[in-house]
Amino acid sequence: APFILRGVSLLGVNSVTCPRSLREQAWRRLADELNQDRLASMTQTVRLDEVLGLAPRILAGEVRGRIVVEVA
């Protein structure tokens, strides 16, 4: 197994086999119902050259939420 997890559930959806109309409906619902301000408060954007400096904080468990890496 690629992951060894204890007390953790990996949950997700495989939308590849779902009809396009249902996928579009799901994306519309996410766009309408997801609180954008809350999502923004959990998101941090870093440049690609900052990732190595951020890695020790990630490994120490000091980073929460989502990190978007700008590669441009």
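This text follows the structure it describes.
Structural notes, computed from the coordinates. Just so it is clear, the structure is predicted and the values come from calculations on it, not from any experiment.

## Structural notes on the overall build of the protein chain
- Within the protein chain, the secondary structure is distributed over three helices and two strands.
- Its helices and strands taken in sequence order, the protein chain reads α-α-β-α-β from the N to the C terminus.
- Relative to its length of 72 residues, the protein chain is extended, with a C-alpha radius of gyration of 17 Å against a globular reference of 11 Å.
- For the protein chain, buried positions account for 4% of its 72 residues.
- Contacts spanning at least 24 positions in sequence make up 20% of the contacts within the protein chain whose residues lie at least 6 apart.
- Here the protein chain has roughly 6900 Å² of accessible surface; of this, 56% comes from carbon and sulfur atoms.
- A distance of 8 Å separates the average location of the 10 positive side-chain charges in the protein chain from that of its 8 negative side-chain charges.

## A word on the pattern of salt bridges
- Summed over all chains, the structure comprises five salt bridges.
- The shortest N-O distance in the salt bridge between Glu24 and Arg20 comes to 2.8 Å. Taken as a pair, Glu24 and Arg20 lie in helix α1 (residues 20-33) at a separation of four residues, close to a single helical turn.

## Topic: the pairing of strand β2 (residues 66-70)
- Across five bridges, strand β1 (residues 43-47) lies against β2 in parallel orientation. When the bridges of β2 are listed, Val46 appears paired with Val69.
- For the segment spanning β1, helix α3 (residues 51-59) and β2, crossover handedness is right-handed.

Reading guide: rules and limits
Residues numbered from 1 in each chain as written. Predicted model: local features only at pLDDT ≥ 70, side-chain atom pairs only at ≥ 80, totals over all residues. Heavy atoms only, no water. Helix = DSSP H or I, 4+ residues; strand = E, 2+ residues; numbered from the N terminus. Rg over C-alpha atoms; globule rule 2.2 N^0.38 Å. Buried < 20%, exposed > 50% of the residue type's maximum accessible area, 1.4 Å probe, protein only. Contact = heavy atoms within 4.5 Å. Areas by Shrake-Rupley, 256 points an atom, 1.4 Å probe, with all protein chains shown as cover. Lys, Arg positive; Asp, Glu negative; His and termini not counted. Charge placed at Lys NZ, Arg CZ, Asp CG, Glu CD. Salt bridge = Lys/Arg side-chain N within 4 Å of Asp/Glu carboxyl O. Pairing = 2+ DSSP bridges. Right-handed = clockwise from strand over helix to strand, strands pointing away.

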